[in-house]
Amino acid sequence: MMILHFFRVIWACLIKDLKSMLTERAFLFQCIILPINYNLLLILFALAGSNAPTAVVMGDTGPYAQQFYQALSSAHSFHLQQTTATEAASLLHAGEIVAVVTIPADFDTQVALDQPTSVGLKVNNLTTDLTDDVRRGVRLAVTSFAAQVFPDQVPIVAEEHDQHPMDIDYIPFLSIAALIIGVMVGGLLQAGTAAAREWEQHTIPELLLSPASHTAIALGKMLAAAIISLAASLFSLAFVTLVIGDWPSFWGEVIAFTILASCLFVAAGTLLGTMLRRRQTLTILVRGCSVPLFFLSGIFAPISFSTSGVQFLARLFPIHYLLVLEQHAFFGLSLNTLSVPENLLILVGFLALFLTLTVLAMRRNMMGFAH
Amino acid sequence: MKAFCRIVWINAQKDLRIWLRQWYNIAAALLMPLTYVLVVWLGAAAVGESPVALVLEDQGPIAQQVAQSLQDAQVFRLSLVNAATAHHLYNNLEVAAIVTIPAAFDEQVTLGMRAPIVVQANNLNLDLTNDLRRAVPDAISVYYAKTVPNPLDISINEQNLRSQDIDVEQFAIIPMISLLLLAHALISSGIATAREWEDQSIKELLLSPVSRAAIILGKVLAGFLSTFGLGLVLFTLGYVLGWTHPEGWYLGNALLTIALMSLFASGLGIAVGSALRRVQSVTSLATTFSVWLFFLSGGLGVMQFEPDWLKHVAAFDPLTYGTHALQMATFYASADQITRDLAVLAGSAVLMIGFGWLTMRRGLAR
């Protein structure tokens, strides 16, 4: 009988919260599309570091000049287009391109005669970082060109051995992080809002002073938020697999880790909402902190490549472990030295911690009302 | 006219007082852009120098010079270790790659035989691997550039368009200021408007014997004053810290740009607030809106480096013009395309205030 009552409370709280959520459709819609939103933002971020749009003025079209052009295009630094000198100057001044490389008219002759020659480089030197990239790219093209044309004079070459059979493109790699950030923000916002709403609308005393179990109330609220959060995750998962093209290596892991992530952030959101008691503050806090937290957690590379301070901070939050697990589920990668069960265990520990703290916070609030 | 202006001012004062009283809203509105400042610095560090182990199996002078060139390339955080330690670091994910200069390297180079530098790469993603693919050949270039006679008979004749380069972190300060202004204005004006509906004080406003135009303009003025004030504080702070240093009449350009951006964002905030009429939805949408406008204006990068399609999209984002005008005035003492930038900002501000006006009038009429 007691158990039946317990489940009835959970069910009633779940239905009540789902109904409340459905009244705020604009907010609900935003929470559902949020993961895709983050994915698009990360794509924009990835594009920010892409190759420099550069014009090449081919003063000479001989075989050496063509070979030098090929060396430029293989430098992993440029997005090239061939133009006339006038077009290049106008594109550079309009901010359409970053640099102009000019291959002189006597390039082939000078190279064939083993005589010195000079390649022109005009750079829109807005920032040191990007200007250095362009300089490095042209320098690299000169060396690789010389190594091809005069292998006996330039015998030093790089010989690469890759650990993985293929490189994962940057956007598919980052999309996994976007999937998690979406689950995180959606879960925190839905659950946090549901908890804070009770305070804002002064319905919390009725809930806490009712004879229902606090655990059942908390679970009911969390389940409602988890349903919405999982719906958002499904959208995001479809986007990542069908649009970005990230096909998971282990489907079972993807589903299990996504459900775990959803539960984890819903529990954390309920705790945050109970503590902050204001939806507006909660929304801004969650939206404001989520992206930096992700950047801290190793979305670009293993956190062990970062400084010790960043590593320390990353290990304090569950996001890092979730990233590791999802990258394993999608690509079979290991981004930290812990095994999959060890990462999983840490996350379950976080979940237990958030659940316990939420129930404790509710009890503390109830005692406050009682006094 | 005097009475009209008084009502505008009273309405603005009311909104400003509420804004000042809710300090947590100000803090929360500032939190998000400030965290993006953190993102820029962390992002730069994260995608910057990767840790790499260097194993020097040949102690000859050429091997030493190439190793020094790898250090000088400043693309890696290099640790000079033996092969066993390198593999230990690699297996523990403490380095992204092992670069080995093999034994007999000097001899091969001297004889003109192929002398490979072996790179064992943890090619987790293309960005990380491309960094390695660029950096090792670049170190080879640096080495050859130092050798006499230089076997590379091709020199690079570089000309820069501007008198100075700006550090990428410093360059990113301006988009951050733009984001701060936008996020703050959207949130404060949006909430100030939506709250009138949520608290049902809109009825009192509507039934009062004052012009609706004065009510709307009062809200625009409050949003503008608070945002412009914030912009001035940020800009002064940047000036004192040496991050932003516009000189002469370029300071005027910068201030005018901040004013127009504040006006545009306040108008947009009122439009969003009166369309949604719920504080919660406004807060959430305002954050999304400002982040989108920030990213689409090339916020985390440099617009010139973005792909063409993104440049076309950015052309419709007023923040692109505000950020460009501020960067030109602040870093390059330049008024490059200032007329275009200010005209777009002024036009967008008028458009947004008009849009806010219409949405709020429609709301009031209901």
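Residues numbered from 1 in each chain as written. Chains lettered and ligands numbered in written order. Predicted model: local features only at pLDDT ≥ 70, side-chain atom pairs only at ≥ 80, totals over all residues.

S.K.: Describe the overall build of chain A, naming the residues involved and giving the relevant values.
M.R.: The helix and strand inventory of chain A stands at 14 helices and five strands. Scaling as 2.2 N^0.38, a compact globule of 371 residues should have a C-alpha radius of gyration of about 21 Å, whereas chain A reaches 28 Å, well beyond that. By principal-axis analysis of the C-alpha atoms, chain A measures approximately 95 × 45 × 35 Å. Counting all 371 residues of chain A, 50% fall into the buried class. In chain A, the share of contacts with a sequence separation of at least 24, taken over all contacts with a separation of at least 6, comes to 82%. (Helix = DSSP H or I, 4+ residues; strand = E, 2+ residues; numbered from the N terminus. Rg over C-alpha atoms; globule rule 2.2 N^0.38 Å. Buried ≥ 20, exposed ≤ 12 C-beta atoms within 10 Å, placed from the backbone. Contact = placed C-beta atoms within 7 Å.)

S.K.: Tell me about the overall build of chain B, residues and numbers included.
M.R.: Helices and strands together make up the secondary structure of chain B, namely 15 helices and five strands. Against the globule reference of 21 Å for 366 residues, chain B gives a C-alpha radius of gyration of 28 Å, more extended than a compact globule. Dimensions of chain B, computed from the C-alpha atoms along their principal axes, are close to 95 × 45 × 35 Å. For chain B, with 366 residues in total, the buried portion stands at 54%. A sequence separation of at least 24 residues applies to 81% of the contacts in chain B between residues at least 6 apart.

S.K.: Which residues make up the nonpolar core, and what values go with them?
M.R.: Ala177 and Ile180 of chain A together with Leu182 and Leu186 of chain B are the most contacted members of the largest nonpolar core, which totals 240 residues. The leading source of residues in this core is helix H7 (residues 170-200) of chain A, at 19 residues. Those residues within four positions of leucine 186 of chain B in sequence are excluded, and the remaining contacts are Ala265, Leu268, Gly269, Val272, Ala286, Phe289 and Ser290 of chain B. (Core = buried A, V, L, I, M, F, W, Y, C linked by C-beta atoms within 7 Å.)

S.K.: Give me the lowdown on the interface of chain B and chain A, citing residues and values where you can.
M.R.: At the junction of the two partners, chain B supplies 87 residues and chain A supplies 87 residues. Going through the elements one at a time, helix H2 (23-46), strand S1 (50-56), helix H5 (105-110), strand S4 (115-121), helix H6 (126-146), strand S5 (154-160), helix H7 (168-171) and helix H12 (279-296) of chain B are the ones with two or more residues in the side of chain B that touches chain A. Ranked by residues supplied to the side of chain B that touches chain A, first place goes to H6 of chain B with 13 residues. Partitioning the side of chain B that touches chain A into residue classes produces 47 nonpolar, 27 polar and 13 charged. Here seven bridges tie strand S5 (residues 156-162) of chain A to S4 of chain B, and the two strands are oriented parallel to one another. (Nonpolar A, V, L, I, M, F, W, Y, C, P; charged D, E, K, R; others polar. Pairing = 2+ DSSP bridges.)

S.K.: I'd like a description of the domain arrangement of chain A, backed by residues and values.
M.R.: When its domains are assigned, chain A resolves into domain 1 (51-149) and domain 2 (166-370). In this structure, domain 1 of chain A and domain 2 of chain A have C-alpha centres spaced 48 Å apart. (Domains from an automatic or database assignment.)

S.K.: Would you mind going over helix H1 (residues 2-21) of chain B in detail, with residue names and values included?
M.R.: Residues and elements named next belong to chain B. Between its first and last C-alpha atoms H1 spans 28 Å; for 20 residues at 1.5 Å apiece the expected length is 28 Å, and the two agree. Turning to H1, its buried residues are Val8, Asn11, Ala12, Asp15 and Trp19. The arc that holds every buried residue of H1, seen down its axis, measures 95°, which confines them to one face. Turned more than 90 degrees off the buried face of H1, the exposed positions are Lys2, Ala3, Arg6, Arg17, Leu20 and Arg21. Each element contacted by the buried residues of H1 is listed here: helix H8 (173-198) and helix H10 (212-241). (Expected span 1.5 Å × (residues − 1). Arc of directions from axis to C-beta.)

S.K.: Tell me what's going on with the sheet that holds strand S4 (residues 117-123) of chain A, and back it up with residues and numbers.
M.R.: The five strands lie next to each other as S2(A)-S1(A)-S3(A)-S4(A)-S5(B), forming an open sheet whose pairing is mixed. Every other strand in the sheet has two partners, leaving strand S2 (78-83) of chain A together with S5 of chain B as the edge strands with one partner each. Here the strands of the sheet are splayed against their neighbours by 25° on average, with no regard to which way each runs. Pairing of S4 of chain A with S5 of chain B, which is carried by seven bridges, proceeds in the parallel orientation. Residue pairing in the sheet places lysine 122 of chain A in a bridge with glutamine 159 of chain B of S5 of chain B. (Axes fitted to C-alpha atoms, helices over the stretch in contact; angles between N-to-C directions.)

S.K.: An account of the confidence of the model for chain B is needed here, citing residue identities and associated values.
M.R.: Looking at chain B, the pLDDT average stands at 85 and 94% of residues meet or exceed 70. The ipTM, which scores confidence in the relative placement of chains, is 0.80 for this predicted complex, and the corresponding pTM is 0.78. (pLDDT = per-residue confidence, 0-100.)

S.K.: An account of the packing of helix H3 (residues 63-73) of chain A against helix H6 (residues 128-149) of chain A is needed here, citing residue identities and associated values.
M.R.: Residue and element names in this part refer to chain A. With their axes 8 Å apart at the nearest point, H3 and H6 run at an angle of 130° to one another. One element, H3, and the other, H6, form an angle in the oblique class. Along this stretch, H3 crosses H6, giving a crossing that reads as right-handed. When H3 is examined against H6, the residues Tyr64, Gln67, Phe68, Ala71 and Leu72 are found in contact with a partner set consisting of Ala141, Ser144, Phe145, Gln148 and Val149. Residues belonging to the contact of H3 with H6 are distributed by class as follows: seven nonpolar, three polar and no charged. (Parallel < 35°, antiparallel > 145°, perpendicular 65-115°, else oblique. Left-handed = near helix turned anticlockwise from the far one by under 90°.)

S.K.: Describe in detail the sheet that holds strand S2 (residues 76-80) of chain B, supporting the description with residues and values.
M.R.: The five strands are arranged S5(A)-S4(B)-S3(B)-S1(B)-S2(B) in an open sheet whose pairing can be described as mixed. Each edge of the open sheet carries a strand with a single partner, namely S5 of chain A together with S2 of chain B. Ignoring which end each strand starts from, the neighbouring axes of this sheet average 25° apart. Pairing of S1 of chain B with strand S3 (residues 97-101) of chain B involves five bridges; the strand directions are parallel. Residue pairing across strands places leucine 54 of chain B opposite valine 99 of chain B, the latter belonging to S3 of chain B.

S.K.: So what's going on with H8 of chain B? Residues and values would help.
M.R.: Residue and element names in this part refer to chain B. Counted at 1.5 Å a residue, the expected span for H8 with its 26 residues is 38 Å, and the 36 Å between its end C-alpha atoms agrees. Counted residue by residue, H8 has 24 buried out of 26 residues, so it is predominantly covered. Residue glutamine 200 follows H8 closely and has a positive phi angle near 60°.

S.K.: Explain the pairing of S2 of chain B to me, and be specific about the residues and the numbers.
M.R.: Residues and elements named next belong to chain B. Pairing geometry for S1 and S2, over five bridges, is parallel. Bridge pairing in S2 links alanine 53 to serine 79. Remark: the S1/helix H3 (residues 61-72)/S2 crossover connection has right-handed handedness. (Right-handed = clockwise from strand over helix to strand, strands pointing away.)

S.K.: Requested: an account of the environment of valine 240 of chain B, with residues and values cited.
M.R.: Turning to its location among the elements, valine 240 of chain B is positioned in helix H10. Taking C-alpha positions, valine 240 of chain B is 30 Å from alanine 12 of chain B, a pair spaced 228 residues apart along the chain.

S.K.: Got a sec to walk through the confidence of the model for chain A? Specific residues and values, please.
M.R.: Overall, the prediction assigns chain A a mean pLDDT of 87, with 98% of residues at 70 or greater. Per-element confidence in chain A ranges from a low mean pLDDT of 77 for helix H2 (residues 25-48) of chain A to a high of 95 for strand S3 (residues 99-103) of chain A.

S.K.: Hey, could you go over unusual backbone geometry for me, with residue numbers and the actual values?
M.R.: One non-glycine residue with positive phi stands out, namely histidine 202 of chain A, at about 55°. Looking at the secondary structure, you find histidine 202 of chain A in the loop between H7 and helix H8 (204-209). We note that arginine 277 of chain B has phi near 60°; this positive angle belongs to a residue other than glycine. For arginine 277 of chain B, a count of 18 C-beta atoms within 10 Å gives the class partly exposed.

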